[in-house]
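Below are the chains, spelled out letter by letter.
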Amino acid sequence: MKAPVRTVLAAALAIAAAPVAAQTYSQTVFFGDSLTDSGHFRPALVNQAGPSAAILGKFTTNPGLVWSEYLADFYGDEAFSDNQGGDNYAVGGARVGTDTTGALGPIPSLATQVGNYLASTGGRADPNALYTVWGGANDLFAVTGGAPAAPTIGAAVTSQIGIVGALQGAGARYILVPTVPDLGRTPGFIAQGPLAQGQGTQLSTAYNDALFGGLAASGLRVIPLDTFHLLQEITDNPVPYGFTNVTGTACQPQITAQSLTCNPGTYVSPDAADTYAFADGVHPSSKAHNILADYAISVLEAPRMVALMPYTQEISGLARTERVAAQVEGRPDAEGMRAWADVRGDYQKFDEDAGLMVDAEGIGPALTAGLDWRSGNLVYGGFLGFGKQTMDFGRRFGEFSHEDTSLGAYLGWRGERAWVTGQVGYNWSNYDLDRKVQLGAVTRSHSASADGTSLVVAVESGYAFEHGNLRHGPVASLVSQSIDIDELAENDPTLSTSMAFPEQNHDSLVGSLGWQVEIEASEAFRPYARVSWEHEFEDEEDEAFARLQSLPSAAPFAVPGLEIDGDHGSVLLGARAGLFGLEADFGISGAFAREGTDNLSAFLSLGKAF
């Protein structure tokens, strides 16, 4: 029965979410209990009840998906149970460090699950995989069943910290650790009255505080998910999420139903899987699992979204530097003062080949004006610029923008055939983040603002061979940028989805070598073209960082950084001409053969000598 079941699940996943080409993580590996279990007991149920049980086996509104399946699918993976050939080791009923046995067979603890995984890999954990270690709820159920609270919670927390340490010691870098949800908000505890509700909330809080405090004290960096507050936020205001009932269960009989065997035939109503937050007394419905996966995706992807900021700033800085250098290269030979202005429109796009799970693109205007003086072969001047760039990640993820004010100076030497230009510029920037978090039917907006600065130092040189009205020759440049962005802390810091992003310090050193051709078609019109190859000498940031503001006890975390192509070509096409008594320079420039990144600038410069 294994193959048909897997075929059905694969089809369901394909319908649940559109495929994504990027693969941030090499695989997704899950350790946990019934909240993460994607069908460990299905083979046993099929053996007992026959083929009709193939739609059962998950602790939700079967045959719906659980959060681990939604999450794995987003990252281009699957979450089949390990006993069915997959990488989901979670088993319903599992405690953190204590093996048990249930009606359908052995229930390995999270510690045993991790041990089984490492045994299958020769003791090494894939450093590029995304791991999940989610447990603790069944240990708290043991407390409500009479086990002593302090030693039971202490042992479970110690074991979970040890599991994280073992995985990291084996090579794991990215480990997702959700909190225990607020048990006091589940139908099973609500049905027992206020005292039981209070106890459930208190136990969850105690476990979470001990876990994340212990992880931080042990120096173990994890990716936290605040499911505790997320559940509170949904049950406090369920209607926008599409839930009409958060105190009862989608499956019959009420409260005492077993979601493991829940199916459409036992639903309270045909639409119960979409209108009830809970399948049984403690397990979420499939719709609630989908929201949980949305939340996990938002936490995992937000740091990478913000990490794009210095790269968009870098591209804008390169475009501005190119236009300032052009003022010296294209300047008339006459001595004296000259004023100029340059207007530019920049288009930028980053896609999955840059390491993003969703495309980001945007346009931005820029204006730079300057005044210079030529004396003999020397040209020296200064400039002032303003610009804005917006990057849109789509309705589900939001956008960010930055506005820049630049001030700089340049010095150039122009010979009969050769030239060299040096410039330095300083930029003051304002960054605005408008991040969207899609939670089912609800879209939350979190905003943040920060200041930033950048220092740009550049040198460009070239030489021209002359053949009649044709000039051509090599050009080379080197541009250094040091970009600093202050911390971004989002609004509504008590919400589970609110995040903060630490200060970013980004260094870039781009060298360029190419060939330029210019034709003097007439005294008033000179088209030109340049093709260059560019190389980034600085290493890209390996990781992107953030922290959850609603979990102050959780340390900052990291996710894989972006993959920005540092070796690529660039092309410049333009023309210099006389226009209404002014010197005009217009054209386009952009990158080619650059994986994951597209950028194109259109420009118009106007100058007047005095």
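Conventions adopted
- Residues numbered from 1 in each chain as written.
- Predicted model: local features only at pLDDT ≥ 70, side-chain atom pairs only at ≥ 80, totals over all residues.
- Heavy atoms only, no water.
- UniProt positions renumbered as here; feature names shortened; annotations may be inferred.
- Helix = DSSP H or I, 4+ residues; strand = E, 2+ residues; numbered from the N terminus.
- Buried < 20%, exposed > 50% of the residue type's maximum accessible area, 1.4 Å probe, protein only.
- Contact = heavy atoms within 4.5 Å.
- Areas by Shrake-Rupley, 256 points an atom, 1.4 Å probe, with all protein chains shown as cover.
- Lys, Arg positive; Asp, Glu negative; His and termini not counted.
- Charge placed at Lys NZ, Arg CZ, Asp CG, Glu CD.
- Pairing = 2+ DSSP bridges.
- Core = buried A, V, L, I, M, F, W, Y, C linked by side-chain atoms within 4.5 Å.
- Domains from an automatic or database assignment.
- Salt bridge = Lys/Arg side-chain N within 4 Å of Asp/Glu carboxyl O.
- 1 Å grid on protein atoms, 1.4 Å probe; cavity = no way out; pocket = protein on both sides within 12 Å on 5 of 7 lines; lining within 4 Å.
- Points joined across faces, edges and corners; volume = space filled by probe spheres on them.
- Nonpolar A, V, L, I, M, F, W, Y, C, P; charged D, E, K, R; others polar.
- Axes fitted to C-alpha atoms, helices over the stretch in contact; angles between N-to-C directions.
- Parallel < 35°, antiparallel > 145°, perpendicular 65-115°, else oblique.
- Phe/Tyr/Trp six-rings, centres within 6.5 Å; stacked < 30°, edge-to-face > 60°.
- Lys NZ or Arg CZ within 6 Å of the ring centre and 35° of its normal.

The protein chain is annotated in an unreviewed UniProt entry as Autotransporter domain-containing protein of Marilutibacter spongiae. Quoted verbatim from the Sequence similarities (unreviewed entry) field of UniProt, the annotation for the protein chain is "Belongs to the 'GDSL' lipolytic enzyme family."

**Student:** Looking at this structure, I do not really get the overall build of the protein chain. What am I missing?
**Tutor:** Scanning the protein chain from terminus to terminus reveals twelve helices and 23 strands. Dimensions of the protein chain along its principal axes, counting C-alpha atoms only, are 95 × 45 × 45 Å. Evaluated residue by residue, the protein chain yields a buried proportion of 55% over its 610 residues. Once local pairs closer than 6 in sequence are excluded, the contacts in the protein chain between residues at least 24 apart make up 71%. Total accessible area computed for the protein chain in this model is approximately 23500 Å², and 59% of it derives from carbon and sulfur atoms. Across the protein chain, the 33 positively charged side chains and the 69 negatively charged ones have centroids separated by 3 Å.

**Student:** Looking at this structure, I do not really get the pairing of strand β4 (residues 130–134). What am I missing?
**Tutor:** Consecutive side chains along a regular strand alternate between the two faces of the sheet. Of all the five residues making up β4, five are buried; the element is thus mostly covered by neighbouring parts of the structure. Side chains Leu 130, Thr 132 and Trp 134 project from β4 onto one buried face, and the interleaved Tyr 131 and Val 133 project onto a second face that is buried too. Where strand β1 (residues 28–32) meets β4, five bridges bridge the pair, whose relative direction is parallel. Bridging across to β4, Thr 28 finds its partner in Leu 130.

**Student:** What is the right way to read the nonpolar core from this model?
**Tutor:** Across soluble globular proteins, nonpolar side chains have a tendency to be buried as a group. By size, the foremost hydrophobic cluster in this structure holds 119 residues, and its most contacted members are Leu 71, Tyr 131 and Leu 167. Here this core gets 13 residues from one element, more than from any other, and that element is helix α11 (residues 286–307). Taken domain by domain, this core gets at least three of its residues from each of domain 1 (27–227) and domain 2 (297–575). Counting nine residues, the second-largest nonpolar core is a separate cluster that includes Cys 251, Ala 257, Ala 272 and Tyr 276.

**Student:** I'm lost on the pattern of salt bridges in this one. Help?
**Tutor:** Pairs may arise between side chains of opposite charge once their charged atoms sit close together. All chains considered together, the criterion is met by 26 salt bridges. The residue Asp 333 makes a salt bridge to Arg 374 at a minimum N-O spacing of 3.6 Å. Of this pair, Asp 333 sits in the loop between α12 (309–329) and β7 (336–350) while Arg 374 sits in strand β8 (residues 360–375), and the two are 41 residues apart along the sequence. A relative accessible area of 6% places Arg 374 in the buried class. Its salt-bridge partner being Arg 576, residue Glu 518 comes within 2.8 Å of it at the nearest N-O pair. Of this pair, Glu 518 sits in strand β17 (residues 504–519) while Arg 576 sits in strand β21 (residues 567–579), and the two are 58 residues apart along the sequence. The exposure class of Arg 576 is buried, given its relative accessible area of 7%. Several salt bridges share partner residues, and in doing so they unite Arg 323, Asp 342, Glu 518, Arg 526, Arg 576 and Asp 585 into one network.

**Student:** In this structure, what is going on with the layout of surface pockets? I would like to understand it.
**Tutor:** In this approach, a probe sized like a water molecule rolls over the atoms, and the result shows the empty space that is left. Empty space within the largest pocket amounts to approximately 810 Å³. In this structure, the largest pocket is lined by 42 residues; those nearest its centre are Glu 329, Gly 330, Arg 414, Glu 518 and Arg 526. Where the lining of the largest pocket is concerned, the elements lending two or more residues are α12, β11 (418–439), β14 (470–485), β17, β18 (525–536), β21, β22 (582–592) and β23 (597–609). Tallied by class, the residues present in the lining of the largest pocket amount to 14 nonpolar, eleven polar and 17 charged.

**Student:** I keep staring at the packing of α11 against α12 and nothing clicks. Help me out?
**Tutor:** Packed helices, taken two at a time, are described by the angle their axes make and the gap between the axes. For the pair α11 and α12, interaxial distance at closest approach is 4 Å and the crossing angle is 20°. As summarised for this structure, α11 and α12 are arranged roughly parallel, according to the angle between their axes. Every residue of α12 that contacts α11 at Met 305, Val 306 and Ala 307 is listed here: Met 309, Pro 310 and Tyr 311. Of the residues belonging to the contact of α11 with α12, the class tally is six nonpolar, no polar and no charged.

**Student:** Explain empty space enclosed by the protein here, please?
**Tutor:** Taken as a whole, this structure holds eight cavities of 30 Å³ or more when the rule is applied. Estimated volume of the largest cavity: approximately 480 Å³. In this structure, the largest cavity is lined by 33 residues; those nearest its centre are Leu 318, Ala 319, Glu 322, Glu 534 and Ser 570. When residues in the lining of the largest cavity are grouped by element, the largest group, six residues, is from α12. Among the residues forming the lining of the largest cavity, the class breakdown is 15 nonpolar, 13 polar and five charged. Along the walls of the second largest cavity sit 23 residues, with Leu 35, Pro 181, Leu 231, Phe 278 and Pro 284 positioned nearest its centre.

**Student:** Would you take a moment to explain the packing of aromatic side chains for this structure?
**Tutor:** Given two aromatic rings, their pairing is described by the distance between the two centres and the angle made by the two planes. Using the criterion set out here, one finds 16 aromatic pairs in the structure. Here Tyr 25 and Tyr 75 contribute two aromatic rings whose centre-to-centre distance is 5.1 Å and whose plane-to-plane angle is 85°, an arrangement assigned as edge-to-face. One end of the pair, Tyr 25, is in the loop between α1 (2–16) and β1; the other, Tyr 75, is in the loop between α3 (67–74) and β2 (100–102), with 50 residues separating them in the sequence. In this structure Tyr 75 comes out as buried when scored by relative accessible area, which is 1%. Between Tyr 426 and Trp 428 the ring centres are 5.0 Å apart and the planes differ by 70°, which places this aromatic pair in the edge-to-face class. Above the plane of the ring of Phe 243 lies Lys 287, whose end atom (NZ or CZ) is 5.5 Å from the centre. Positioned above the aromatic ring of Phe 603 is the side chain of Arg 323, whose terminal nitrogen or guanidinium carbon lies 3.7 Å from the ring centre.

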